[in-house]
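# Observations on the three-dimensional arrangement
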Amino acid sequence: ATHGHRLFVDVHTHVYLPRYASFLRSRTTAPRIFSRPNTDNADGTSEERLLILDNEPSGGRPVGPQYWDREEKLKFMDRHGIDVSIISSANPWLDFLPASTAHTLANELNEDLETYCSTSPTLTGLHNLKRLYGFGLLPLVPSAPISSLLETIDQISKLPHLRGIIMGTKGIGKGLDDDALEPVWEALAKTGLVVFLHPHYGVDSNAWGEKENGHVLPLALGFPFETTTAITRLILSGTFDRHPTLRILLAHSGGTLPLLSSRLASCIAHDPLVASRLQHDARHYLGNLYFDAVAYGAEELGFVSDVIGRAGAYEGKAGRKDADGKVGLDERRRVGSERMLFGTDHPFFPPLSETEKWMSVVENLDAIESVDGWTEKEKDAVRGGNALKLFGLS
Ligand code: 5CU
């Protein structure tokens, strides 16, 4: 480790496992990987491109070993001083498959990921840790039998290097607030597996207008809005009242939920259909959640920690408990920072031209370093200590 005894742990870092990449190469419709002549030079070589969605601009994006090769992941980690990564399959996971194929492939990919991690190098020094751990996959596809989801949760919970699952927002077709998923939340709460909630679809692309803006609007806005809607629906379904020990990690610092949680609370309080449904004010539930620190700005991270840190003031529905002597900003930020965790989004957001370090990583590390009110202890925890605790690695 390059930072003394303080470890850097990346909780938001993806892979298309070799078996999944081969599967995508065998497909003729999105999602798929296809070859085409390399447009950068006319030397007759071809390049592989990944098309995740049918309407992606410029025929998808170039892909290479950084998407599947473990050596590339480790090189990236070394280059950025990252000691441990908790890797997850990248979107769109198994969403597009029929239930039985999804079940078989999920089980195979979970075994593959266990091997990928368990045979990774051990960290040198005091820590008896591997450099890679993982989030497994559930066969969350339309009409999946709940029994196949429960079986796969059981499989993952027995694979020692898998510490959670990554999940999109569709559930088995009706979203995460689908009553049919109740046994799944129950099983996840019981196993303690961390659920990494991650977007894929964005929102209705009509919102993006007619100007060509590349990938910017769906990625910068659509992704976080999708996460915001999914987690808000889960909160409204009372899932956290029934399963307060569920551990859900939200991609991209929770999207816009931190900014909108007081508005959400107010809308609930003014809606007779929902007002009596939840045990707590909506702001309370942010204290049940974990947030990656993939927001690219110190002010945003500070704000998110502030909002998480205030969640404890909203137990029950009687309004703010500490309305008279509000807890100070530093204390709220300290409490909130315990639920925030460094991430990179590798191999997405590669630099447009060759650089030693990736701007996307440097920006996220600089942001953590510069949050007002976070002490060195809190910054260290966000860079790694919180992840070691959450994933049972300390
Ligand atoms: O750049 C992108 O499209 C993505 C993506 O698809 N998935 C992700 O996790 N980050 C960025």
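Residues numbered from 1 in each chain as written. Predicted model: local features only at pLDDT ≥ 70, side-chain atom pairs only at ≥ 80, totals over all residues.

With that settled, consider the packing of helix α9 (residues 298-309) against helix α10 (residues 329-337). Between α9 and α10, the shortest axis-to-axis distance is 7 Å and the interhelical angle comes to 90 degrees. Between α9 and α10, the interaxial angle falls into the category roughly perpendicular. Contacts between α9 and α10 pair Gly302, Val304, Ser305, Asp306, Val307, Ile308 and Gly309 from the former with Leu329, Arg332, Arg333, Arg334, Val335, Gly336 and Ser337 from the latter. Residue classes in the contact of α9 with α10 are distributed as 5 nonpolar, 5 polar and 4 charged. (Axes fitted to C-alpha atoms, helices over the stretch in contact; angles between N-to-C directions. Helix = DSSP H or I, 4+ residues; strand = E, 2+ residues; numbered from the N terminus. Parallel < 35°, antiparallel > 145°, perpendicular 65-115°, else oblique. Contact = placed C-beta atoms within 7 Å. Nonpolar A, V, L, I, M, F, W, Y, C, P; charged D, E, K, R; others polar.)

This paragraph deals with the site of the ligand. Within the structure, the ligand sits among His14, Ile52, Ala90, Asn91, Leu219, Asp345 and Phe348. Among the residues making up the shell around the ligand, the classes are represented as 4 nonpolar, 2 polar and 1 charged. (Near = placed C-beta within 6 Å.)

On to the sheet that holds strand β2 (residues 32-37), then. Strand order across the open sheet formed by 3 strands is β2-β3-β4, with antiparallel pairing between neighbours. What marks the edges here is a single partner per strand, and that holds for β2 and β4 (61-63). Across this sheet, the average inter-strand angle for adjacent strands is 50 degrees, counted without regard to direction. Relative to strand β3 (residues 46-51), β2 is paired through 6 bridges, and the arrangement is antiparallel. Along β3, the bridge assignment pairs Phe34 with Arg49. (Pairing = 2+ DSSP bridges.)

Counting 93 residues, the largest nonpolar core has Val195 and Leu197 as the members making the most contacts within it. Looking at which element gives the most residues to this core, the answer is helix α3 (residues 99-118), with 6 residues. When residues of this core are assigned to domains, at least three fall in each of domain 1 (9-16 + 69-390) and domain 2 (18-67). With sequence-adjacent residues up to four places away left out, Leu197 is seen in contact with Met167, Thr227, Ala230, Ile231, Ile248, Leu249, Leu250 and Ala251. (Core = buried A, V, L, I, M, F, W, Y, C linked by C-beta atoms within 7 Å. Buried ≥ 20, exposed ≤ 12 C-beta atoms within 10 Å, placed from the backbone. Domains from an automatic or database assignment.)

Across the sheet, 8 strands lie side by side as β1-β5-β6-β7-β8-β9-β10-β11; this open sheet has parallel pairing. Either end of the sheet is taken by a strand with one partner, and the two such strands are β1 (9-15) and β11 (340-341). Pairing geometry for strand β5 (residues 84-89) and strand β6 (residues 132-137), over 4 bridges, is parallel. Paired with Ser88 across the two strands is Phe135, which belongs to β6. This element, α3, spans β5, β6 and β7 (162-167) of the sheet and lies at about 175 degrees to β6.

Once that is clear, we can look at the environment of Tyr116. Within the secondary structure layout, Tyr116 lies in helix α3. In this structure the C-alpha to C-alpha distance between Tyr116 and Ala313, which are 197 residues apart in sequence, comes to 43 Å. The contacts of Tyr116, once residues within four sequence positions are left out, are Leu17, Arg70, Leu132 and Gly134.

A few words on unusual backbone geometry. That bond from Asn91 to Pro92 is cis: its omega, 10 degrees, falls within 30 degrees of zero. By the element assignment, Pro92 lies in the loop between β5 and α3. Cis geometry marks the peptide bond from His346 to Pro347; its omega dihedral reads 5 degrees. Along the chain, Pro347 turns up in the loop between β11 and α11 (359-369). Even without being glycine, Asp345 reaches a positive phi, approximately 70 degrees.

What follows concerns the pairing of β3. Pairing of β3 with β4, which is carried by 3 bridges, proceeds in the antiparallel orientation. Looking across to β4, one finds that Arg49 is bridged to Pro62.

This brings us to the packing of α3 against helix α4 (residues 146-157). Packing of α3 against α4 brings their axes to within 10 Å, and their N-to-C directions diverge by 5 degrees. One finds that α3 runs roughly parallel with respect to α4. Two secondary-structure elements touch here, α3 through Ala99, His103, Ala106, Asn107 and Asn110 and α4 through Ser148, Thr152, Gln155 and Ile156. Split into classes, the residues belonging to the contact of α3 with α4 amount to 3 nonpolar, 6 polar and no charged.

We now examine the domain arrangement of the protein chain. The domain architecture assigned to the protein chain consists of domain 1 (9-16 + 69-390) and domain 2 (18-67). On a C-alpha basis, the centres of domain 1 and domain 2 stand 27 Å from each other. Contacts between the two partners involve 15 residues from domain 1 and, on the opposite side, 10 residues from domain 2. Counting residues per element, the ones that place at least two in the side of domain 1 that touches domain 2 are α2 (70-79) and α3. Looking at the side of domain 1 that touches domain 2, the element that brings in the most residues is α3, giving 3 residues. The residue inventory of the side of domain 1 that touches domain 2, partitioned by class, reads 6 nonpolar, 5 polar and 4 charged.

What follows is about the confidence of the model for the protein chain. With 97% of its residues at a pLDDT of at least 70, the protein chain reaches an overall mean of 94. This prediction of the complex comes with two scores: 0.96 for pTM and 0.93 for ipTM. (pLDDT = per-residue confidence, 0-100.)

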